[in-house]
Amino acid sequence: MLDAGCGSGVHAAELIERGADVTGADLSGDLLAVARERLGPEVPLHRTDLRQPLPFPDDSFGLVLSSLVLHYLAEWEPTLREFRRVLVPGGRVVLSTHHPFLDFRIAGYDDYLGTYTFTEDWEQPDGRAMSMRFWHRPLRAMLAAFAAAGFHVDDIVEPDPRPEMADTAPRAYWRLTRNAQFLFFSLTAR
Ligand SMILES: C[S@@+](CC[C@H](N)C(=O)[O-])C[C@H]1O[C@@H](n2cnc3c(N)ncnc32)[C@H](O)[C@@H]1O
């Protein structure tokens, strides 16, 4: 499987533990270095910009995972077409992204149906502010991009937080049980 936007390799590690044969790809050399440390020397890791053609032949993977990556991209269709190309027929994409209803509120524009970029200020562990840039697009734009790239939507999930978060991170748990912060999709290549 391809972990597209694997970051520091948290999901890849979990999936390898469960028996998956994982290739990771990410734009960030720093995060790939952390992934390399976490995953060891055997796991293929590629420094790749998901806005460009992927460095893999057609029909290379049975599954593409892309966790919390697509909201960084201005356009989804070219990337999804590449996911479609590198998947075997009938292969699947599992992806998560910012929930468009919440990010449109964070963006502060009175415009749910538009597609636009916005910034959000995050506080780093050392207290310094960090400005993050994301792309908002409505659900209908996501569904249109999936269809145009040749995918059938099997499932859409508004996830609940894991129950143990009630003890380990009560404030985040409270927020996530009331706000749809993320959206998960399961897609099949048509
Ligand atoms: C929020 S992190 C998610 C990392 C990992 N998938 C996870 O769930 O832990 C977003 C990741 O997307 C990557 N990313 C953002 N834009 C990208 C691009 N154009 N091409 C490849 N990776 C990108 C970042 O480098 C980062 O690792």
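Everything below is about the structure printed above this text.
Asks: Would you mind showing me how to read the site of the ligand here?
Replies: As a matter of local geometry, the ligand sits amid 17 residues, with Gly-5, Asp-26, Asp-49, Leu-50 and Ser-67 nearest to it. For the ligand, a nitrogen atom lies 2.6 Å from a polar atom in the backbone of Gly-5. Measuring from an oxygen atom of the ligand, one finds a side-chain N or O atom of Asp-26 at 2.6 Å. Here the shell around the ligand is built from residues that sort into eight nonpolar, six polar and three charged.

Asks: In this structure, what is going on with the sheet that holds strand 5 (residues 87-98)? I would like to understand it.
Replies: The strands making up a sheet associate through hydrogen bonds between their backbones, and the pairing can be parallel or antiparallel. Spatial strand order, 3-2-1-4-5-9-8: seven strands in an open sheet with mixed pairing. Strands at the two margins of the open sheet, each flanked by one partner only, are strand 3 (45-47) and strand 8 (151-157). Neighbour to neighbour, the strand axes of the sheet diverge by 20 degrees on average, direction disregarded. In terms of strand pairing, strand 2 (residues 23-26) meets strand 3 through three bridges, oriented parallel. Its bridge partner being in strand 3, Gly-24 is matched across the sheet by Leu-45. Packing of helix 2 (residues 29-39) onto the sheet brings it into contact with strand 2 and strand 3, and relative to strand 3 it is tilted by some 175 degrees. Set on the sheet, helix 5 (residues 139-148) makes contact with strand 5, strand 8 and strand 9 (182-189); between it and strand 9 the angle comes to about 20 degrees.

Asks: Would you mind going over the packing of aromatic side chains with me for this structure?
Replies: For any pair of aromatic rings, the description consists of the separation of the ring centres together with the inter-plane angle of the planes. Following the criterion strictly, the structure yields nine aromatic pairs and no others. Between Phe-104 and Tyr-112 the ring centres are 5.6 Å apart and the planes differ by 80 degrees, which places this aromatic pair in the edge-to-face class. A residue is classified by how much of its surface remains accessible, and Phe-104, at 16% relative accessible area, is buried. A ring pair is formed by Phe-146 and Phe-185, whose centres lie 4.8 Å apart and whose planes are at 65 degrees; its orientation type is edge-to-face. You can see Phe-146 sitting in helix 5 and its partner Phe-185 sitting in strand 9, a full 39 residues away along the chain. A residue is classified by how much of its surface remains accessible, and Phe-185, at 1% relative accessible area, is buried.

Asks: Just checking my understanding: could you explain helix 2 for this structure?
Replies: Each α-helix turn comprises 3.6 residues. Residues three or four places apart therefore point the same way. Taken together, the buried positions of helix 2 are Leu-32, Ala-35 and Leu-39. Each buried residue of helix 2 lies within a common arc of 55 degrees when the element is viewed along its axis, so the set occupies one face. Pointing more than 90 degrees away from the buried face of helix 2 are the exposed residues Asp-30 and Glu-37. Each element contacted by the buried residues of helix 2 is listed here: helix 1 (10-17), strand 2 and strand 3.

Asks: Whenever I open this one, the pattern of salt bridges confuses me. Can you help?
Replies: As a working rule, side chains carrying opposite charge can pair if their charged atoms are close by. Following the criterion strictly, the structure yields seven salt bridges and no others. Residues Arg-51 and Asp-49 are paired through a salt bridge, measuring 2.8 Å at the closest nitrogen-oxygen approach. Residues Arg-81 and Glu-77 are paired through a salt bridge, measuring 2.8 Å at the closest nitrogen-oxygen approach. One end of the pair, Arg-81, and the other, Glu-77, are both in helix 3 (residues 77-86), four residues apart, so they sit about a helical turn from each other. Arg-81 sits in the partly exposed class, given a relative accessible area of 42%. Classification of Glu-77 as partly exposed rests on a relative accessible area of 30%. Within this structure, Asp-58, Glu-82 and Arg-85 form a network of salt bridges that share partners.

How each quantity is defined
- Residues numbered from 1 in each chain as written.
- Predicted model: local features only at pLDDT ≥ 70, side-chain atom pairs only at ≥ 80, totals over all residues.
- Heavy atoms only, no water.
- Near = heavy atom within 4 Å.
- Polar contact = N/O pair within 3.5 Å; in protein donor to acceptor, adjacent residues only side chain to side chain.
- Nonpolar A, V, L, I, M, F, W, Y, C, P; charged D, E, K, R; others polar.
- Pairing = 2+ DSSP bridges.
- Helix = DSSP H or I, 4+ residues; strand = E, 2+ residues; numbered from the N terminus.
- Axes fitted to C-alpha atoms, helices over the stretch in contact; angles between N-to-C directions.
- Contact = heavy atoms within 4.5 Å.
- Phe/Tyr/Trp six-rings, centres within 6.5 Å; stacked < 30°, edge-to-face > 60°.
- Buried < 20%, exposed > 50% of the residue type's maximum accessible area, 1.4 Å probe, protein only.
- Arc of directions from axis to C-beta.
- Salt bridge = Lys/Arg side-chain N within 4 Å of Asp/Glu carboxyl O.

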